[in-house]
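If you want the building blocks of each chain, they are given just below.
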Amino acid sequence: MNGEPIAPFKQRPDIIMCLVGNGAQAVGCSVDLRALQKPYCLKKGLCPTHIKAPSLHVKGIPGTLYRFCQQCGKLEPLTCFQAQKR
C-alpha cells in the first residue's frame, strides 16, 4: 500500500492436498484431483461427477446432504435448493 506492488498469489497444491486428503471432499470419492488436470475441480475439491451430483455427503460432516451450487461455487445444504435447481 505504500507504493510497492502486491505480490501475486501463489497456489500451493501441497497445502490443498494436505487439507482435503486425496483432494476430494465427497465421501467415498477416491479420484485424485491432481491427476484430472482440471484446476476448477482441484480448487473446489470435487470431481466432475460430484459437481453434477444431485446430492452428496461431505467428509467430516456426517448426516447432512449437500449439493454444489453453480451460482456461488460452493457446497450448500440440500435444503437450500428448490427441487433439482443448482
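Here we summarise the structure given alongside this text. Fair warning: this is a prediction, and the values are worked out from it, not measured in the lab. (Residues numbered from 1 in each chain as written. Predicted model: local features only at pLDDT ≥ 70, side-chain atom pairs only at ≥ 80, totals over all residues. Heavy atoms only, no water.)

**Describing unusual backbone geometry**
Then, number 1: Of note in the backbone geometry, Q37 takes a positive phi value of approximately 60° without being a glycine.
Then, number 2: Along the chain, Q37 turns up in the loop between α2 (33-36) and α3 (39-44).
Then, number 3: Overall, Q37 belongs to the exposed group, its relative accessible area being 67%. (Helix = DSSP H or I, 4+ residues; strand = E, 2+ residues; numbered from the N terminus. Buried < 20%, exposed > 50% of the residue type's maximum accessible area, 1.4 Å probe, protein only.)

**Digging into the side chain of K44**
Then, number 1: With respect to the helices and strands, the residue K44 is situated in helix α3.
Then, number 2: Reaching out from K44, the side chain makes a polar contact with the backbone oxygen of G73 at a distance of 3.0 Å.
Then, number 3: If we skip the residues at most four places from it in the chain, K44 touches Q25, F68 and G73. (Polar contact = N/O pair within 3.5 Å; in protein donor to acceptor, adjacent residues only side chain to side chain. Contact = heavy atoms within 4.5 Å.)

**Here's the deal with the sheet that holds strand β1 (residues 56-58)**
Then, number 1: A sheet is described by the order of its strands in space; here three strands give the open sequence β1-β2-β3, paired in antiparallel fashion. With partners counted over all chains shown, the strands left at the sheet margins are β1 and β3 (74-77), one partner each. Going across the sheet, the axis of each strand differs from the next one's by a mean of 60°, ignoring polarity.
Then, number 2: When β1 meets strand β2 (residues 61-69), the two strands line up antiparallel, connected through three bridges. For V58, the partnering residue across the bridge sits in β2 and is I61. (Pairing = 2+ DSSP bridges. Axes fitted to C-alpha atoms, helices over the stretch in contact; angles between N-to-C directions.)

**Regarding the pairing of β3**
Then, number 1: Pairing of β2 with β3, which is carried by four bridges, proceeds in the antiparallel orientation. In the strand pairing of β3, R67 is matched with E76.
Then, number 2: Counted along the chain from β2 to the antiparallel partner β3, the turn is four residues long, and its residue G73 has a positive phi close to 75°.

**Here we look at the side chain of H50**
Then, number 1: Along the chain, the position of H50 falls in helix α4 (residues 48-51).
Then, number 2: When neighbours within four sequence positions are excluded, H50 is seen to be in contact with A26, C29 and L56.

**As for the packing of aromatic side chains**
Then, number 1: With the rule as written, the count across this model stands at one aromatic pair.
Then, number 2: Seen in terms of ring centroids, Y40 and F68 are 6.3 Å apart; in terms of plane orientation they differ by 90°. Their pairing is edge-to-face. Of this pair, Y40 sits in helix α3 while F68 sits in strand β2, placing them 28 residues apart in sequence.
Then, number 3: Given the relative accessible area of 2%, F68 is considered buried. (Phe/Tyr/Trp six-rings, centres within 6.5 Å; stacked < 30°, edge-to-face > 60°.)

**Examining the nonpolar core**
Then, number 1: Membership of the largest hydrophobic core comes to 15 residues, with the highest contact counts inside it found for L46, L56 and L75.
Then, number 2: Sorting the residues of this core by element identifies α3, β1 and β2 as the ones contributing at least two each. (Core = buried A, V, L, I, M, F, W, Y, C linked by side-chain atoms within 4.5 Å.)

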